[in-house]
Amino acid sequence: MKEAREIDEENENELWQEAIRSEMKNNRMAFETCKGDTNDLIGCLELTGHSVFDVKLSENFRRKARFCADGHKVDTPPFLTCSTVVSRDSVRVIFLIAALNDINIQGADVQNAFLSAPAMEKHWMKAGEEFGAEQGKTFIVVRALYGLKSASAAFMAFMAKRLDELGHKSSMADPDVWMRPGKKSDGTEHHEHILCCVDDLLSCSENATEALQSVEGGTMKLKNDKAEPPSVCLGAKTQLKNINGHKCWTISSVDHINAAVKTIKEALKNKPCKLPTKVTNPMTLNCQPELDESPELDAQGVQFYQEMMGMLRWATELGKVDVLLELSMLLQHQASPRMGHLEQALHVFTFLDKHPKLTLCMDPEVPKIDCADFKAKPEEFMEHCRDAEEQLPHRMPRPRGQADVTTAFCDASFAANKKTRRSHTGCIMFVNRAPIIWKSRRQNTLETSALYLSVKHHS
C-alpha cells in the first residue's frame, strides 16, 4: 500500500489507488461485519491478507490489484484443498463433437469466480488500510477469498451445484465435463456440454451462448457479460476453419513454441553452446542417447536441461506430436544429462524454430479403413465363452448425435535401446480423423513380443 501511494505521487495520478478501490469494492461481498467479540467465534481462526499488484499489458496497461488471504499461514484440512480441471483429451473430443454435429462452441470467464462461492473455512479478519473508511473493523470471511487453500475446491463445489440444478450431469470419464440431453432446431438429438477449468467455461451446444448465460445468477456472473468462440484453450491456440468442405476446429502450440524458442535463444547468449543452424529432423540421424559418453553437465547445465525438457513436454501436450519420440528418449536422462544430450535438445529446439506451425485438425470425417483386413469369427468366441456379455459403463447416457469411429495405431521399435535392449513403444488414438491421445514411452521389461506389449500398455 505504501509503495502504491508513493508511485502514484511520483506520477501525479491515482491509478494504483483506483485499482485498490475497485478490487476492494469487488471483495466487499466476501466479508460480513462481526458485531460481537471474536472470542465468541467458536472454530474461527484469525486471518491476515495482502495485496498483489500487476499491469495488464493486453488491456492498455491497466493497473490491477488483487487482495489475497494469507492462506499459507493457517492450517487447512487436506481434503479441502483438492480441485480438478478438465483434461485436454476431453477438450479435443468436444471440438470434434461440435464439428461432427454442426453445433457451436463458446467460451466465457466467471467474474471474481472464487468470491461467488461460499467459504469452506471459518476465519475472521481485522480490516487493514485497503478497506479505506472501514479500516479497523472486524469481519467474518463468508466467501472463498483468493489465497485460501480451499478457494478452488469451494468454487468447484459451488459450480457443480449450479450445473446440477440446470439439469447437467457430470461425466464418469471426466468429472469436469457436464452434459444434458438437448435438441437442435431441426429436431436432431445431441448432448449439450459444459467444460469447467476453474473459472473458464466452454459450452458445446447449438445455443452455446444461452447455455453459458443460464449459469449466471445470484453471486455468479460472466466477465463482461459475454461469451465468444475460444481463441486459446488450456494453453493451445484454437481456430474454427473450413477444411475439406466442412467446418472443424484446429489446435496449435505455435504460440508456446515461439515463446519457448525465444527464451532458449536469450538463455544461450550467456552460455558457450549455441543452436545448430542446419536441421532437417528433430534429432540427429542414428543418434543413441543411451550410448552417449560425453562429459556430464554441471549443476547449472542440469537445471537448464531440465527446463528445456519441461518446455518440450508442454509443447507435446499442446499438440506438437512430431517431436514426441525424441522428447521421450531425452527425458530418460534428466537425472544426469551429458553434453551430448544437451546438444540433441538444442537440435530439437532448432527444428521447432524452423517448423513451429504444426496444426491438429479435429476432423469429423470418417476414416477410410478396409474392414476386410480384420478377420473376426464371433461364433468361435462364443463357443468358448457362452455366457459372455458386453460390459457397459455404469450410468452410461443414451447415445445422441452422430456416430463416430475410434481408431488406435500402436507400434514398437524392437530392442531399440542398445544398452538395455528394451523396446520403445508409441500410440496415437483417433476419433474419426481427429487425434485425441498420443503417447510415447519406453517399455518397462525386455520382451520378444514388443508389439503386443505396446497394444497392452495403450489399451
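Just so we're clear, the structure is a prediction, and the values are computed from it rather than from any experiment.

Engineer: Help me understand the pairing of strand β17 (residues 424-431) in this model?
Structural biologist: Regular strands place their side chains on alternate faces of the sheet. Where strand β16 (residues 406-413) meets β17, 8 bridges bridge the pair, whose relative direction is antiparallel. The residue of β17 that forms the bridge with S413 is H424. In the sheet, β17 pairs with strand β18 (residues 434-442) via 8 bridges, with the strands oriented antiparallel. Bridge pairing in β18 links H424 to R442. Linking β17 to β18, which pair antiparallel, is a turn of 2 residues; within it N432 sits at a positive phi near 55 degrees.

Engineer: Sorry, what's going on with the sheet that holds strand β9 (residues 177-183) here?
Structural biologist: Each strand in a sheet pairs with its neighbour through backbone hydrogen bonds, running either in the same direction (parallel) or in the opposite one (antiparallel). In spatial order, the strands read β5-β11-β10-β9-β8; together these 5 strands make up an open sheet with antiparallel pairing. In this open sheet, the two edge strands, each paired with only one partner strand, are β5 (104-109) and β8 (169-170). Sheet topology note: the strand β10 (residues 189-197)/strand β11 (residues 200-205) ladder contains 5 bridges and is antiparallel. Bridge pairing in β11 places C196 opposite L201.

Engineer: Explanation requested: the sheet that holds strand β13 (residues 236-243) in the structure shown.
Structural biologist: Judged by pairing direction, the sheet is antiparallel, and its 4 strands sit side by side in the order β12-β13-β14-β15 without closing on themselves. Edge positions in the sheet fall to β12 (232-233) and β15 (359-361), since each has one partner strand and no second. Examined bridge by bridge, β12 and β13 share 2 bridges and lie antiparallel to one another. Considered in β13, the bridge of C233 is made with A236. Across the sheet, helix α3 (residues 88-101) is in contact with β12, β13 and β14 (246-252); its angle to β14 comes to roughly 165 degrees.

Engineer: Before we go on, may I ask you to explain the side chain of Q344 in this structure?
Structural biologist: By secondary structure assignment, the location of Q344 is in helix α9 (residues 339-354). Q344 gets classed as buried once you look at its relative accessible area, which sits at 12%. Not counting chain neighbours up to four residues away, the residues in contact with Q344 comprise P282, M283, T284, C287 and L330.

Engineer: Teacher, can you tell me more about the pattern of salt bridges here?
Structural biologist: Charged atoms that come close allow side chains of opposite charge to pair. Per the stated rule, a full pass over the model turns up 21 salt bridges. Of the charged contacts, one joins R21 and E14 as a salt bridge, the two residues approaching to 3.2 Å between their closest N and O atoms. Judged by relative accessible area, which is 46%, R21 ranks as partly exposed. We classify E14 as partly exposed; its relative accessible area is 46%. We note a salt bridge from R162 to E165, for which the minimum N-O separation is 3.6 Å. Here the residue R162 and the residue E165 both occupy positions in helix α4 (residues 151-165), the gap between them amounting to 3 residues, near one helical turn. The network of salt bridges with shared partners includes E23, K64 and R66.

Engineer: Could you clarify how one ought to interpret the nonpolar core in this entry?
Structural biologist: Within soluble globular proteins, side chains that are nonpolar generally end up buried alongside one another. Counting residues in hydrophobic clusters, the biggest one holds 43 residues, and the most contacted among them are F31, M125, F131, L145, F155 and M159. Those elements that place two or more of their residues in this core are α2 (15-27), β4 (62-69), β7 (138-143), α4 and β10. For this core, the element with the highest residue contribution is α4, accounting for 5 residues. Excluding its chain neighbours within four sequence positions, the residues that come into contact with M159 are V110, C196, L201, V215 and M220.

Engineer: Can you walk me through the packing of helix α7 (residues 299-318) against helix α8 (residues 324-331) in this structure?
Structural biologist: The packing of two helices is summarised by the inter-axis angle and the distance between the axes. Remark: α7 packs on α8, axes separated minimally by 10 Å, with the N-to-C direction vectors making an angle of 150 degrees. Classified by chirality, the crossing of α8 by α7 is left-handed. Residues Y305, M309, L312, R313 and T316 of α7 pack against L324, L327, L330 and L331 of α8. Of the residues in the contact of α7 with α8, the class split is 7 nonpolar, 1 polar and 1 charged.

Reading the values: the criteria
Residues numbered from 1 in each chain as written. Predicted model: local features only at pLDDT ≥ 70, side-chain atom pairs only at ≥ 80, totals over all residues. Heavy atoms only, no water. Pairing = 2+ DSSP bridges. Helix = DSSP H or I, 4+ residues; strand = E, 2+ residues; numbered from the N terminus. Contact = heavy atoms within 4.5 Å. Axes fitted to C-alpha atoms, helices over the stretch in contact; angles between N-to-C directions. Buried < 20%, exposed > 50% of the residue type's maximum accessible area, 1.4 Å probe, protein only. Salt bridge = Lys/Arg side-chain N within 4 Å of Asp/Glu carboxyl O. Core = buried A, V, L, I, M, F, W, Y, C linked by side-chain atoms within 4.5 Å. Left-handed = near helix turned anticlockwise from the far one by under 90°. Nonpolar A, V, L, I, M, F, W, Y, C, P; charged D, E, K, R; others polar.

In short, shape yes, function no, at least from these values alone.
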